[in-house]
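Here are the chains, one letter per residue:
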Amino acid sequence: MKKIRLILLSLCFLLLSGCVSSPVVVNINGDKIDGSEFAYYLNYELASYENAEELTKDELEKIKETALETAINNTIVLQKCEEFGLELTDEEEDEIKALRDEFITDLGGSAKYLEFLRESALNDRVYKKTQKQGYYHSKLMSYLTENTDQPESIGFTDETLRKFFSENYIKIKYICMSTLTEDGEVLTDEEYDEQLNLARIVAEGSKELGKDFDLLIEKYNDDYRMRIYPEGFVYSELELENEEVFYHALELEENEIAGPYASSDGFYIIKRYPVDAGYFDNHHDEILNEATDMKYEMLLESWKANAVVKVSDTYNSIDASNYKTFIK
């Protein structure tokens, strides 16, 4: 009985330590990501798919590429922290350990923890590494923000932030002419064509000299947001990247009107305006955070572009049905 306990205990320590080697999946500037770590990143991406094993080859490749991108991002952050001499403090190390111990206790002990690791496509080594990633990202961002003398600094002075604001923020108003019924159903083909024709007429009329765009909004707009906020909306370029229609405003000069643009809910006629004078001061912190994030992402992209990345044959052999077998 004692011998059995010792064997089980040894197996437990083996699983927790992750000491059995796993094949290298990708080499990033000399640092290796093995199958155990890549399995975690891939599992995270696959969690959004109900039947992951039914994905097509092309779909799986795109998901693997996203997982690989995350692995590369995190590795480069760690490399840059090492380059700049950024290390976790003893207090942070203690905090991470305490949080892990508390997590294991909350789960109900080591056996439950091992179960959690299996379900999450993790081993203990990778789990500990993932817990440190957030700390390193924060340290790197803080260092690059505060050290404005650094060539790769992402910090802003008031002057450079105002310049960023003037180049990256725009204000718009719009007319949305709905292509949906009151019940949310799409108009018939005939009704749709009639609405499109009317939208074209309104768009052309709106461009006439002296035409009041606000009056046209009041008369033709079907969108509740524009009714609630008649003063219009200020967007950054980053925000507009995810907009179905409003990104077209980036192509316009101030006070220029364009459209109609078709969307899932209607036809949009957009007018670009100069941003109100007080907007910068009233939203200073929000603008600074977005500017810093954008600059950090651009810097990370440049680091990635210059990184030496080599994927192994193991990467090519991993799929949705076998990736967990690489967890050692």
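Our structure's up above, just so we're on the same page.
The present account deals with the structure reproduced in this document. (Residues numbered from 1 in each chain as written. Predicted model: local features only at pLDDT ≥ 70, side-chain atom pairs only at ≥ 80, totals over all residues. Heavy atoms only, no water.)

Remarks on the overall build of the chain
Heads up, the rule is: Only DSSP runs of H or I with at least four residues qualify as helices, and only runs of E with at least two residues qualify as strands; both kinds are numbered from the N terminus onward. Buried residues are those whose accessible area, probed at 1.4 Å on protein chains only, stays under 20% of the maximum for their type, while exposed residues exceed 50% and partly exposed ones sit between those limits. Note on definitions: a residue-residue contact is assigned when non-hydrogen atoms from the two residues lie within 4.5 Å. Residue exposure ignores everything except the shown protein chains as possible cover, and the areas themselves are Shrake-Rupley values with a 1.4 Å probe. For the purpose of counting charges, residues Lys and Arg are taken to be positive, whereas Asp and Glu are taken to be negative. His and the chain ends are not included. For the purpose of locating charges, the reference atoms are NZ of Lys, CZ of Arg, CG of Asp and CD of Glu.
In terms of helices and strands, the chain carries 14 helices and seven strands. When its C-alpha atoms are laid out on the principal axes, the chain stretches across 90 × 55 × 40 Å. Across the 328 residues in the chain, those meeting the buried criterion constitute 42%. Partitioning the intrachain contacts of the chain with sequence separation of at least 6 by distance along the chain shows that 71% fall at a separation of at least 24. Surface summary for the chain: the accessible area is close to 19,500 Å², and the carbon and sulfur share equals 49%. Distance between charge centres in the chain, computed from 34 positive and 69 negative side chains, equals 9 Å.

Remarks on the packing of aromatic side chains
Filter applied, for reference: Classification of ring pairs rests on two measures: the distance between centres of Phe, Tyr or Trp rings, Trp counted by its six-membered ring, which must be within 6.5 Å, and the angle between planes, read as stacked under 30 degrees, edge-to-face over 60 and tilted in between. Definition used: whenever NZ (Lys) or CZ (Arg) falls within 6 Å of the ring centre and also within 35 degrees of the ring normal, the charge is taken to sit over that ring.
Scanning the model with the defined rule gives 21 aromatic pairs in all. Residues Phe 164 and Tyr 169 carry aromatic rings whose centres are separated by 6.3 Å and whose planes lie at 70° to one another, so their mutual orientation is edge-to-face. Ring plane angle 25° and centroid distance 6.1 Å describe the contact between Tyr 174 and Phe 233, whose orientation is recorded as stacked. Of the two residues, Tyr 174 sits in strand S3 (residues 169–178) while Phe 233 sits in strand S4 (residues 233–236), which places them 59 residues apart along the sequence. Following the ring pairs from residue to residue traces out a cluster consisting of Phe 156, Phe 164, Phe 165, Tyr 169, Tyr 279 and Phe 280. Just above the ring of Tyr 315 sits the side chain of Lys 64; from NZ or CZ to the centre is 4.4 Å. Residue placement shows Lys 295 over the ring face of Phe 156; its charged tip is 4.7 Å from the ring centre.

Brief notes about a nonpolar patch on the surface
As a reminder of what qualifies: Every patch collects residues that have over 30% relative accessible area and no salt bridge, joining them within 9 Å if they carry like charges and within 5 Å if they are nonpolar side chains (Val, Leu, Ile, Met, Phe, Trp, Tyr). Whenever Lys or Arg places a side-chain nitrogen within 4 Å of a carboxyl oxygen from Asp or Glu, that contact is recorded as a salt bridge.
Where nonpolar side chains cluster on the molecular surface, the patch consists of Tyr 224, Ile 228 and Tyr 229 and spans about 350 Å² of accessible area. Within the fold, Tyr 224 resides in helix H10 (residues 224–228). Judged by its relative accessible area of 51%, Tyr 224 falls in the exposed class.

Here's the deal with the pattern of salt bridges
Within this structure, the stated rule accounts for 20 salt bridges. The network of salt bridges with shared partners includes Lys 97, Arg 100, Asp 101, Asp 124 and Lys 128.

As for the layout of surface pockets
Where we set the bar: As defined here, a cavity is a set of points on a 1 Å grid over the protein atoms alone where a 1.4 Å probe fits but cannot get out. A pocket is an open set with protein on both sides within 12 Å along at least five of seven lines, and residues line them when an atom is within 4 Å of a point. Grid points are joined across faces, edges and corners, and a volume is the space filled by probe spheres set on the points. Classes in brief: Ala, Val, Leu, Ile, Met, Phe, Trp, Tyr, Cys and Pro nonpolar; Asp, Glu, Lys and Arg charged; the others, Gly included, polar.
One number sums up the size of the second largest pocket: a volume of about 200 Å³. Taken together, the elements giving at least two residues each to the lining of the second largest pocket come down to strand S2 (31–34), helix H3 (57–83) and helix H6 (124–146). Examining the composition of the lining of the second largest pocket, we find that five residues originate from one element, H3, more than from any other. When the residues that make up the lining of the second largest pocket are grouped by side-chain class, the tally is five nonpolar, two polar and four charged.

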